[in-house]
Amino acid sequence: MERLKNPREFSFVYSKGTPSFGRYVVVSVVPTGKDVSRVGFAVSKKLGTAVTRNKVRRRLRAIVQELRNQFSPGYDVVVGAKRSAVGASFAELHEDLRCTLRKSRVWRKEAADLTGSGEEHA
RNA sequence: UGAGUGAACCAGAUGAUCGCAGAGGAGAGAUCCUUUGAGGAAAGUCCGAGCUCCGCAGGGCAGGAUGCUGGGUAACGCCCAGUGGAGGUAACUCUAAGGCUAGUGCCACAGAAAUAUACCGCCCUGGAAGUUUCCAGGGUAAGGCUGAAAAGGUGAGGUAAGAGCUCACCAGCAGUUAGGCGACUAACUGGCUAGGUAAACCCCAUCCGGAGCAAGGUCAAAUAGGAAAGGAGAGGCUGCCCGUCUCGCUUGACUUUCGGGUUGACCGCAUGAGGCUUUAGGCAACUAAGGUCCUAGAUAGAUGAUCAUCCACGACAGAACUCGGCUUAUCGGUUCACUCAGAUU
RNA sequence: GCCCCCAUCGUCUAGCGGCCUAGGACACCGCCCUUUCACGGCGAAGGCACCGGUUCAAAUCCGGUUGGGGGUA
């Protein structure tokens, strides 16, 4: 999966994108019209020391790797962690990020129908 | 057995599945295989260096740092061994510990007085009043309610009153001798007194140029019209001044050439004052010689998720140019040496 | 990553080692004034980031932590 790398791309997503709020994460999405979607992670220094920040970011990366097929192409996404994400377990983070992504436009509807289980819980 | 002191070490382990980063290999390619992958503090950025650039940099002033002695080290504010002082029954721990006898400043309140003159007081002589007062001259520093601190302390002699004025003990100073490389220690002798503060200015001794890998260097792309090299002459120097050399920098008539800012990639960048071990020297820190090993290297920044078993039930915490230290955080565990108390033999 | 700076009532700030049990302004609270509110007057409460050291004495001087802020492509 492509990553957002430049600080200018981050500020572009923050200013133009539409945010969706979850319990532990904030997801900002902006359409780009390209062939692939790109994801960036934002973990603030307010969350704690380098160890906790690394842990949160790695868990978010692992979850996005699992949900890679659910992303429709042509979007730039920034996943930001809230301060409550420090105490959350991996399963809680997984569920919250999945629900927050479903509220945004990047979620691929037919893929969700393919798995079938996500719609039932919502 | 209990209580304690010091030093060294470990920092969950094993297996399976899906993923991440570097290196090597195979393949036309997609991709696959092998291997490696955070710490004792990686932290704080408090010191010291390597490395790079600033004109390789001489002298002085200013500024800063260190401060018992000897040694170790590339260097240090670090380490080791000792000295003095403080604490502890002890093992042992702590210690910015040069100089107020170079000079200056300060010592609030209180107190007669805060560094030393005076005042109250005590005593002697003379005079006046006339029975305890005053004045003048002189001798004193024992006493004066305070304060953190009051011209060494205690006791005895001595005196008109007193005083290191004299004596004994203690404290402190200077000198001599002996021991030690030295800090210093011990003994003897002497003169009798020197308040505290240098983490106040300062003096003395030693050391220090500045900036920092976002240092610095190489290449490519597109864009815009300037940029670079040589160069008579002039100017100027990284806190300040002076001197010297060279033309490194700025301006610059003129000549020649294509380069500069931004963005990106690469180098710097993982073999180093390296680790482990043996022998030798040294009380030790450490050093020398031999053998052996290669052990993270990213650039939005690599270690995550799930399951199983075991136990002590997992703390503090994540490399970003690299080392040597210091400081701070830390669930617990192991080993060694030593001290004290109790019991038994 | 690197290099710096700062910390005083709720806020903004003064403060020669001793006059400091830390001063001022705004805010908060109580009382007075007013028919009531505002304005005004009086009063009270509320602080030297933390831990050690030097000194007779520390907000101040010296170390170390903690928490903020800034610069740098």
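Quantities reported herein were computed from a predicted structural model and do not represent experimental measurements.

**Some remarks on the overall build of chain A**
Scanning chain A from terminus to terminus reveals 5 helices and 5 strands. Mapped in sequence order, the helices and strands of chain A form the string β-α-β-β-β-α-β-α-α-α. Here chain A, with 122 residues, has 41% of them falling under the buried criterion. Considering only contacts within chain A whose residues lie at least 6 apart along the sequence, 79% involve residues at least 24 apart. Surface accessibility of chain A: about 7,300 Å² in total, with carbon and sulfur atoms responsible for 51%.

**As for the pattern of salt bridges**
Inspection of the entire model under this criterion finds 2 salt bridges. In this structure, the salt-bridge partner of Asp-76 is Arg-38, at a minimum N-O distance of 3.0 Å. Of the two residues, Asp-76 sits in strand S5 (residues 75-81) while Arg-38 sits in strand S4 (residues 38-42), which places them 38 residues apart along the sequence. For the pair Asp-76 and Arg-38, a shared accessibility class is recorded, and that class is buried. Here Arg-98 makes a salt bridge to Glu-95, at a shortest N to O gap of 3.3 Å. With a gap of 3 residues between them, Arg-98 and Glu-95 both fall in helix H3 (residues 90-103), about one helical turn apart. For Glu-95, a relative accessible area of 37% gives the class partly exposed.

**Concerning the side chain of Ser-72**
Positionally, Ser-72 belongs in the loop between helix H2 (50-66) and S5. Judged by relative accessible area, which is 14%, Ser-72 ranks as buried. The contacts of Ser-72, once residues within four sequence positions are left out, are Ser-37, Arg-105, Val-106 and Arg-108.

**Side note on the packing of H2 against H3**
Packed helices, taken two at a time, are described by their axes: the angle between them and the distance between them. The N-to-C vectors of H2 and H3 enclose an angle of 55°; their axes lie 10 Å apart at closest approach. Taken together, the axis directions place H2 and H3 in an arrangement best described as oblique. Classified by chirality, the crossing of H3 by H2 is right-handed. On the side of H2, the interface is formed by Arg-59, Leu-60, Ala-62, Ile-63, Val-64 and Glu-66, while H3 contributes Phe-90, Leu-93, His-94 and Leu-97. Broken down by class, the residue content of the contact of H2 with H3 amounts to 7 nonpolar, 1 polar and 2 charged.

Rules used in this analysis
Residue positions within a chain follow its written sequence, with the count starting from 1. Written order decides the labels, with chains lettered from A and ligands numbered from 1. Predicted model: local features are reported for residues with pLDDT of at least 70 only, side-chain atom pairs are reported and counted for 80 or more only, and whole-chain, interface and lining totals are derived from all residues. By convention in this description, side-chain values take in all heavy atoms of the structure and omit both hydrogens and water. Helix numbering and strand numbering both begin at the N terminus, where a helix is a DSSP run of H or I of at least 4 residues and a strand a DSSP run of E of at least 2. Burial classes: relative accessible area under 20% of the type maximum marks a residue as buried, over 50% as exposed, and values in between as partly exposed (1.4 Å probe, protein chains only). Only heavy atoms enter the contact rule, under which two residues are in contact if any of them lie within 4.5 Å. Per-residue and other accessible areas follow the Shrake-Rupley method at a 1.4 Å probe size, with only the shown protein chains counted as cover for residues. Salt bridges, as used here, are contacts in which a Lys or Arg side-chain nitrogen is within 4 Å of a carboxyl oxygen on Asp or Glu. Angular values range over 0 to 180 degrees, each being the angle between N-to-C directions of two axes fitted as lines to C-alpha atoms, with helices fitted over their stretch in contact. Orientation is classified from the angle alone, with under 35 degrees giving roughly parallel, over 145 giving roughly antiparallel, 65 to 115 giving roughly perpendicular, and any other angle giving oblique. Helix crossings fall into two classes, left-handed where the near helix is turned counterclockwise from the far one by less than a right angle and right-handed where it is turned clockwise. Ten residue types, Ala, Val, Leu, Ile, Met, Phe, Trp, Tyr, Cys and Pro, are classed as nonpolar, four, Asp, Glu, Lys and Arg, as charged, and the remainder, Gly among them, as polar.

Interpretation note: all reported values are geometric properties and have no functional meaning in isolation.
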